[in-house]
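Architecture at a glance
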Amino acid sequence: MVRIGCLVLVMMAGMLVAPVLLRAQGNADLLQSYVSSYIRQAGLPGAVIGISYPDGGMRLASGGLAKAAPKQPMRDDHLFYIGSLTKMMTSVVILQLAAEGWLDLSDPVAKWLPPDVGPRIANGHSATIRDLLRNASGIPDYLDGDFFFELVGSDPQHGWRNAELLPLIMDRDPHFRAGTRYANSNSNYILLGVILEHVEQDDIEQIFAKRIFEPLAMRDTSFGIFPRPARLARGYDDGNGDGQLEDVSEFDVGDRLADGGVVSTAADMLRFARGLFADGKLLGPNALKRMTEDTLLAGDGSYGYGLMTGESDWGSVWGYDGVYFGYSAEFSWFPDQKTAIVFLSNGRALNDVPRATQQLLPGLFGAPQQ
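All values derive from a computational prediction rather than experimental measurement. (Residues numbered from 1 in each chain as written. Predicted model: local features only at pLDDT ≥ 70, side-chain atom pairs only at ≥ 80, totals over all residues. Heavy atoms only, no water.)

As for the overall build of the chain
Per the secondary structure count, the chain includes 10 helices and 16 strands. Taking 2.2 N^0.38 as the reference for a compact globule, 370 residues should give roughly 21 Å; the C-alpha atoms of the chain span a radius of gyration of 20 Å, in line with that estimate. For the chain, the proportion of contacts with a sequence separation of at least 24, taken over those separated by at least 6, is 68%. Split by element, the accessible area of the chain, about 14800 Å² in all, is 52% carbon and sulfur. Across the chain, the 31 positively charged side chains and the 44 negatively charged ones have centroids separated by 5 Å. (Helix = DSSP H or I, 4+ residues; strand = E, 2+ residues; numbered from the N terminus. Rg over C-alpha atoms; globule rule 2.2 N^0.38 Å. Contact = heavy atoms within 4.5 Å. Areas by Shrake-Rupley, 256 points an atom, 1.4 Å probe, with all protein chains shown as cover. Lys, Arg positive; Asp, Glu negative; His and termini not counted. Charge placed at Lys NZ, Arg CZ, Asp CG, Glu CD.)

Describing the nonpolar core
Counting residues in each nonpolar core, the largest one holds 88 residues, and the members touching the most others are Met 89, Phe 208, Ile 212, Phe 272 and Met 291. When residues of this core are assigned to their parent elements, the largest contribution, 8 residues, is made by helix 6 (residues 186-200). Leaving out residues up to four positions away in the same chain, Phe 208 has contacts with Thr 86, Met 89, Thr 90, Val 93, Leu 196, Phe 213, Phe 223 and Val 262. Membership of the second largest hydrophobic core comes to 23 residues, among which are Ile 51, Trp 314, Val 317 and Leu 361. (Core = buried A, V, L, I, M, F, W, Y, C linked by side-chain atoms within 4.5 Å. Buried < 20%, exposed > 50% of the residue type's maximum accessible area, 1.4 Å probe, protein only.)

Focus on the sheet that holds strand 11 (residues 296-298)
Within a sheet, adjacent strands bond to each other through the backbone by hydrogen bonds, running parallel or antiparallel. The strand order 5-4-3-16-15-14-13-12-11 describes an open sheet built from 9 strands, whose pairing is antiparallel. The open sheet terminates on both sides in strands that have one partner only, identified here as strand 5 (72-73) and strand 11. Here 2 bridges tie strand 12 (residues 301-303) to strand 13 (residues 308-312), and the two strands are oriented antiparallel to one another. Its bridge partner lying in strand 13, Tyr 303 is registered against Met 308. Contacts from helix 8 (residues 266-278) reach strand 3 (46-52), strand 4 (58-67), strand 14 (315-324), strand 15 (327-334) and strand 16 (339-345) within the one sheet, and its direction differs from that of strand 15 by about 35 degrees. Along the sheet face, helix 10 (residues 356-365) touches strand 3, strand 15 and strand 16 and points at about 145 degrees away from the line of strand 16. (Pairing = 2+ DSSP bridges. Axes fitted to C-alpha atoms, helices over the stretch in contact; angles between N-to-C directions.)

Observations concerning helix 7 (residues 204-213)
In terms of residue burial, helix 7 counts as a mostly covered element, since 8 of its 10 residues are buried. Those residues of helix 7 that sit buried are Ile 204, Glu 205, Ile 207, Phe 208, Ala 209, Arg 211, Ile 212 and Phe 213. Its buried side turned inward, helix 7 meets helix 2 (86-99), helix 6, strand 7 (222-223), strand 10 (262-264) and helix 8.

Some remarks on the packing of aromatic side chains
Tallied over the full model, the rule gives 18 aromatic pairs. Where Tyr 81 meets Tyr 324, the ring centres are 4.0 Å apart and the plane angle is 5 degrees; that geometry is what we call stacked. Of this pair, Tyr 81 sits in strand 6 (residues 80-81) while Tyr 324 sits in strand 14, placing them 243 residues apart in sequence. An identical accessibility class is assigned to Tyr 81 and Tyr 324; each is buried. Ring geometry for Phe 251 against Phe 325: centres 6.0 Å apart, planes inclined by 70 degrees, an arrangement best described as edge-to-face. In this pair, Phe 251 is assigned in the loop between strand 9 (246-247) and strand 10 and Phe 325 in the loop between strand 14 and strand 15, connecting sequence segments 74 residues apart. An aromatic cluster is defined as three or more aromatic residues linked by ring pairs; in this entry it consists of Phe 272, Phe 277, Trp 318, Phe 331 and Trp 333. Here Arg 228 stacks its cationic end above the ring of Phe 226, 3.8 Å away from the centre of that ring. (Phe/Tyr/Trp six-rings, centres within 6.5 Å; stacked < 30°, edge-to-face > 60°. Lys NZ or Arg CZ within 6 Å of the ring centre and 35° of its normal.)

Quick look at the confidence of the model for the chain
This prediction gives the chain a mean pLDDT of 91; 92% of its residues lie at or above 70. Here residues 1-21 is a poorly scored stretch, pLDDT under 50, and it has 55 contacts once near neighbours within four places are set aside; other chains count. (pLDDT = per-residue confidence, 0-100.)

Examining the pairing of strand 16
For strand 16, the tally of buried residues reaches 7 of 7 residues, placing the bulk of the element in the interior. The alternating pattern of strand 16 places Thr 339, Ile 341, Phe 343 and Ser 345 and Ala 340, Val 342 and Leu 344 on opposite faces, both of which are buried. Sheet topology note: the strand 3/strand 16 ladder contains 6 bridges and is antiparallel. Residue Ala 47 lies in a different strand from strand 16, and its bridge partner there is Ser 345. Looking at chain direction, strand 15 and strand 16 are connected through 7 bridges and run antiparallel.

Written out as structure tokens, the structure reads:
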């Protein structure tokens, strides 16, 4: 996550968005106006934004369309793919398994793979589970090139499983020596998915439901399924490169994968934020500290276990951005303020605009810290 600076105060209809806007119920229309204004600037079909406050209360606002034809307005309770925000959840399950003694973060990757697979994974005997969590394994990304997307095009509703993607990761040269630096590779989280399914002897859907969704009462959260749920906001992307947005919701580009297959609502993602960072319902303090402090330099921030950590003009911020075919997401937790912001959209920004979260901070927290 890039450093969030104090760029400009948000203006709506000539009004400065004051800190009271994002809390006072009487000003709910201003948050609604902000969402509508932002999606117009960004060229997004629609979006929902959610804010969780220190006392656990939350605010939601939505704008735009959940479906273009026939037109269906976006609602606060629409479902979205959250993309790489799934990686935070995968990291939580791995840390839970480590705390329970089922695995050790220092275990080499090959220890948990089939005997005929481990030696064929780049750095398989030197990269550890910790390296996978920190994107520091040197293992190439299975999404490099077009091969996976060609598979998707030939079988759009296949229902890919983590173990099925091992052939796309095998027999490739490492990018660097394991543990020496950060480099984003979705293969790391596919391998973590293979490991957690092997340890638990269950499918990832049931594992996440038991360990995350049910304990936090995330009743609207699951992995992707066919037929698509009626409340899923249709996802729009330029699928064939002609410059036009089209409905791509029927393509399975990872419905059951540990790097991006979760479907959720803004409200449920706020519950996840509080359950993980504020209420201690998912991880103990030592595991949470490791998740957020065992980091590697990654651009303008640092990468921990499935999330980025950085500094804003209002203090520390932890979170991640996610992209799935036809969807995008922002997730930010401000530990000093015990506040979370979630932004979910059924498209990707077509125009060069700041992140939605970035523009909200002056209205949420007031003047930057000196």
